[in-house]
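# Secondary and tertiary structure notes
Spelled out, the chains give:
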Amino acid sequence: MVTSVWNKPGTIANAFWERGWDFEAPETAPLPVYDMHGHMGSHNAIYFARCDAPEMVKHLKRSGIRRLVFSHHHALWGEFRNAQVRDICSQFPDVLRFYVAINPHRPQYIEEDLKLYDSFKPYVVGLKILAGYHKVVVTDKRYEKAMEFAAERKLPVLFHTWNGCPFNGLDPMTQLCKRYPTVTFFIGHSFSNWQAAKKLADQTENTYFELTSLPGQYGMIEHLVQEVGSKRIIFGTDMPWFDEFQHIGGILSAEISDEAKKDILCGNIERLLGKDW
Ligand SMILES: [Zn+2]
């Protein structure tokens, strides 16, 4: 009989399954998991059973996740403002952090929110750009203020990326990553294509490849680790679109080393942001 990785003593999978991140006794946890790609709030395209902060935080704690960094759906598309997102985070300071949602169709909001950026601390982590949905290519002038702001402050910016997409596919993303070398680019979904991820990784140093939606694709994690290296990969789930358990399970049971799993779930982010953020 084959023993599953969850039952092999001494592995990260076994330790995480047994203990996870325990908010009451963090010193006993095998490692913190940082989910760097989440959302919040309802969405017209899908029914979410849990998409508001109290239920989401409950689920995050149950799954053993130390932090979720999210952008609010209604700030990405609606009238909801990033200052309100900050207030939500302040009610769950041990779990929630956020990206300032940048909507290129609302230049006024971008300007106002960047001015408020310092007042969003300590809950704000960077910016979120969702070009494929806003249908404005990432190199467009309408993002310039936000990108210059991020470049000046050396902030991370999470992008939704997808191979072949004219708004945030490989070509415009490559141009942008080269144009702003001081920005830390979080490449959301890693283009959903490890060959495209490799092409960008080979040409840039300021890029980290994020795993939302990928653990369900057979062999994807293994390919990415082999091609871009575990030091360039970060964990994310798109919660509430996808489930924490499925994504963590996908990483912990992938055919990669325990060291690589650690890089992905926490090591790379702690190198970028520190341990206390
Ligand atoms: Zn997303």
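The following refers to the structure shown.

Reading guide: rules and limits
Residues numbered from 1 in each chain as written. Predicted model: local features only at pLDDT ≥ 70, side-chain atom pairs only at ≥ 80, totals over all residues. Pairing = 2+ DSSP bridges. Helix = DSSP H or I, 4+ residues; strand = E, 2+ residues; numbered from the N terminus. Contact = placed C-beta atoms within 7 Å. Axes fitted to C-alpha atoms, helices over the stretch in contact; angles between N-to-C directions. Buried ≥ 20, exposed ≤ 12 C-beta atoms within 10 Å, placed from the backbone. Right-handed = clockwise from strand over helix to strand, strands pointing away. Arc of directions from axis to C-beta.

### Quick look at the sheet that holds strand β5 (residues 156–160)
Spatially, eight strands are ordered β1-β2-β3-β4-β5-β6-β7-β8 in an open sheet, and the strand pairing comes out parallel. The open sheet terminates on both sides in strands that have one partner only, identified here as β1 (34–40) and β8 (233–234). Across the sheet, helix α9 (residues 194–203) lies against β6 (184–188) and β7 (207–210), angled at about 160° from β7, the strand it touches most.

### Points about the environment of Glu255
Turning to its location among the elements, Glu255 is positioned in the loop between α11 (244–252) and α12 (258–273). Given 10 C-beta atoms within 10 Å, Glu255 falls into the exposed group. Separated by 115 residues in the primary sequence, Glu255 and Asp140 place their C-alpha atoms 39 Å from one another.

### Some details on the pairing of β7
By the alternation rule, side chains of β7 split into Thr207 and Phe209 and Tyr208 and Glu210, which are all buried. In this fold, the crossover linking β6 to β7 by way of α9 has right-handed handedness. Bridging between β7 and β8 involves two bridges; their strand directions are parallel. Residue pairing in the sheet places Glu210 in a bridge with Ile234 of β8.

### Some thoughts on helix α7 (residues 144–153)
Within the span of α7, buried status applies to Ala146, Met147, Phe149 and Ala150. Seen end-on, α7 carries its buried residues on one side only, within an arc spanning 160°. Buried residues along α7 sit in contact with β3 (96–102), α5 (107–115), β4 (124–129) and β5.

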